[in-house]
Each structure stands twice: as structure tokens, then as C-alpha cells.
Amino acid sequence: MKYRHAYHAGNFADVHKHVALIALLRALQRKEKGFLYVDTHAGRGRYALGSGPARDSGEAQSGAVAVLAALRGSGSAPEELVDYGAVIDTWRRAADARHDYPGSPIIAAQLLRPQDQARAIESQPAEFEALRKALGRHSRVIAEHGDGYQRLRALLPPASRRGLVLIDAPYEDTRGDFRAAIQASRDALTRFEGCVIAIWYPVKDARDTDRWLQELARDLPRPALAAELWIHPPDSRAGLNGSGLAIVNPPYLFADRCDIWQAALRALLDPAGTGGTRVVSLVGESR
Ligand SMILES: C[S@@+](CC[C@H](N)C(=O)[O-])C[C@H]1O[C@@H](n2cnc3c(N)ncnc32)[C@H](O)[C@@H]1O
């Protein structure tokens, strides 16, 4: 595997995914009862933005760096974006890491309560070692070295009968990763039908992603939606045009709030206005 998330950490898609992740974790925390968070593709947890791969690619500059700067000067952003800015800034202060960016397991570690549990699975040995170090010994998030899909099968259903799964594959083998995400969601729902599942996917050509969304929705026994933010027209040849999240068992009012924060986030990420956003129902209530 050649994929290294360090080149893409903090880019517009990471920001989109992490705002949604924080909103999902907060939604589960509306109830006192604990839950299990499973991060099937965890990454290394902590990324230096000022040096190495992230500096070489420059992707974070127009992503997290721009968004965090704009949020610090804004008094009127939607609460999900304010929360995102606060979570990143709080971690940076606590970790003495002003120019670093936290990955999904570190973000979860910031938010989990004593009654919540989490597993973060990473398959690449060097990334896993970095993740273990980034989480530290006292984290509520337990890092595991292995295959995220296999571990997911073993971890569900959780004893608490409440859970959130993030499937954030690298899409290096694009067709294979799209197929595996559908299979993993179906397996997860068979074991635990109330599981909230968030699948991140790249939007390159909208016709391909729409076909995949239809395939995901076919025979899905639970409500689901797709939330997308794109910064280039969804049929342009720019490469990664947009960022998508398919969410199974979305929390109450998640779609309505998503409409609001995605539009505000797009304005920060895409000042030229060539992109767009959408939230569509895949299974369940039409919108
Ligand atoms: C997109 S990155 C994850 C980023 C992370 N979720 C975040 O938001 O900070 C994908 C990661 O999945 C790892 N990976 C690839 N296949 C995997 C598998 N089958 N199981 C677990 N990890 C895998 C890659 O090594 C890479 O670090």
C-alpha cells in the first residue's frame, strides 16, 4: 500500500469528515448511556502541517488552516463549525502542537466520556506505531494493529447496544474500497441494526458516486442519507472534487443541521463558489 494520509491531512475533505464526526459523537452523547466508537481506518492520529508531506502537498493550507483562521475571526458560524474549531484548538494547546492536526482517533479521544469506549484500527505497522504514540497510554481510545473490517465484525454488537462506526478507507483500490464499505455496512447492520455508520467517500465523478449510493441503499434495512460538499464542479477533472459521507441511522435532525453547516463550510473552503453541497435521503424520509 502506497497511501499516506500525511499528504492529505487537514485538507477540505478531512475538515468535512471531522466536522461531521464531532457532530455525530455529540449526538450520541445526548444520552447518558455510553457507546462504542469504532474507527476502522484510523491513520497515524497526529500530522505535522508545517513540515514534511503536508507542507509539500499544501492541501491543508486551503483546508483546515484557512477554516480555523476564519472561525477564530467569526462570531456567527453554525455551532458545529464553532465546535470543530474549539476541539482542534483545545487539543493543540493541550498537546503543545500549534502546527499539527489531529486525526479522527485523536478527535474522538478528546470527546469521549468515561462511560464511552473506542477502538481505532490501523493496518500499516508504521502508521499504527505512530497512532499508539499519539494516543498515549491514558487514552480512552484503544489502538489496534490489523484489518479494520475484520475487527469490526468481532466488535459488534457492543455490550452497550449503542455504537458509531467510521469507515474511512484510502480508496487506493477505488472499486475494492467502495465494495468493501457496502459489505461492511451490511455485516454491521446484521449484527447490530441500530449502529450509526459513517462511510467517507471521494467525489470525483458524480455519476460514479451516485451509482455507488444507489447500490449502498439497495435492500438497506435502516434509514440512510448522503451528505456531500464539493469545491469543484462534480464532473471536473480536478481529481478530488468533493467529499461525501454516507450515514446510516443518522441521528435526529442530523440532515437539517447538515444543510446549514455544510453550506457555511463550503463558503469558507470555496470562496470562488465553484462547488456546492447537498444532503439527500437514500433510505427513509424523502427530502
Ligand atoms: C484516510 S486514512 C485514515 C484517516 C483517519 N480516519 C482520519 O480521519 O484522521 C486511511 C488509513 O487506513 C489505513 N488502512 C488501509 N486499509 C486498512 C484496513 N483494511 N484496515 C485498517 N486500516 C487500513 C491506511 O494505512 C490509512 O492510514
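Look up: the structure comes first, before these words.
Numbering of residues begins from 1 in every chain and follows the order in which that chain's sequence is written. Given that this is a predicted model, residues contribute local features only at a pLDDT of at least 70 and side-chain atom pairs are listed and counted only at 80 or more, while totals for whole chains, interfaces and linings are drawn from all residues. Side-chain metrics in this entry use all non-hydrogen atoms of the structure; hydrogen atoms and water are not considered.

A.B. asks: So, empty space enclosed by the protein: which residues are in play, and what are the values?
C.D. replies: If you roll a probe as big as a water molecule over the atoms, it shows you where there is empty space left. For cavity detection a 1 Å grid was placed over the protein atoms alone, and a set of points counts as a cavity when a 1.4 Å probe fits there but cannot get out; an open set counts as a pocket when protein lies on both sides within 12 Å along at least five of seven lines, with lining residues being those that have an atom within 4 Å of a point. Grid points are joined across faces, edges and corners, and a volume is the space filled by probe spheres set on the points. All chains considered together, the criterion is met by two cavities of 30 Å³ or more. Approximately 50 Å³ is the volume found for the largest cavity. Lining the largest cavity are Tyr149, Leu152, Arg153, Leu156, Ala184, Asp187, Ala188 and Arg191. Starting at the N terminus, helices and strands are each numbered in turn, a helix being any DSSP run of H or I of at least four residues and a strand any DSSP run of E of at least two. Where the lining of the largest cavity is concerned, the elements lending two or more residues are α7 (148–155) and α8 (174–191). If you tally residues by element for the lining of the largest cavity, the top one is α8, at four residues. For the lining of the largest cavity, the class distribution of residues is five nonpolar, no polar and three charged. Residue polarity follows a fixed list, in which Ala, Val, Leu, Ile, Met, Phe, Trp, Tyr, Cys and Pro are nonpolar, Asp, Glu, Lys and Arg are charged, and the others, Gly among them, are polar.

A.B. asks: Describe in detail the sheet that holds strand β7 (residues 196–203), supporting the description with residues and values.
C.D. replies: Strand order in the open sheet made by the eight strands is β5-β4-β1-β6-β7-β9-β8-β10, with mixed pairing throughout. Either end of the sheet is taken by a strand with one partner, and the two such strands are β5 (141–145) and β10 (276–283). Put simply, the sheet's adjacent strands are angled 15 degrees from each other on average, direction ignored. Note on pairing: two strands pair once DSSP finds at least 2 bridges between them. Relative to strand β9 (residues 242–248), strand β8 (residues 224–230) is paired through seven bridges, and the arrangement is antiparallel. Across the sheet, Leu225 pairs through a bridge with Ile247, a residue of β9. Here helix α6 (residues 125–135) sits on the sheet in contact with β4 (117–122) and β5, set at roughly 165 degrees to β5. The contact criterion used throughout is that any non-hydrogen atoms of two residues lie within 4.5 Å. What counts as an axis is a line fitted to C-alpha atoms, over the stretch in contact for a helix, and the angles between N-to-C directions run from 0 to 180 degrees. Relative to the sheet, helix α9 (residues 206–217) contacts β7, β8, β9 and β10, its axis offset from that of β7 by approximately 160 degrees.

A.B. asks: Describe the pairing of β5, with residues and values.
C.D. replies: Relative to β5, β4 runs parallel, the two being bridged by five bridges. Residue pairing in the sheet places Ala120 in a bridge with Ala143 of β5. Handedness of the β4-α6-β5 crossover: right-handed. Here the term right-handed applies to a crossover when the path leading from its first strand over the helix to its second strand runs clockwise, the strands being oriented away from the viewer.

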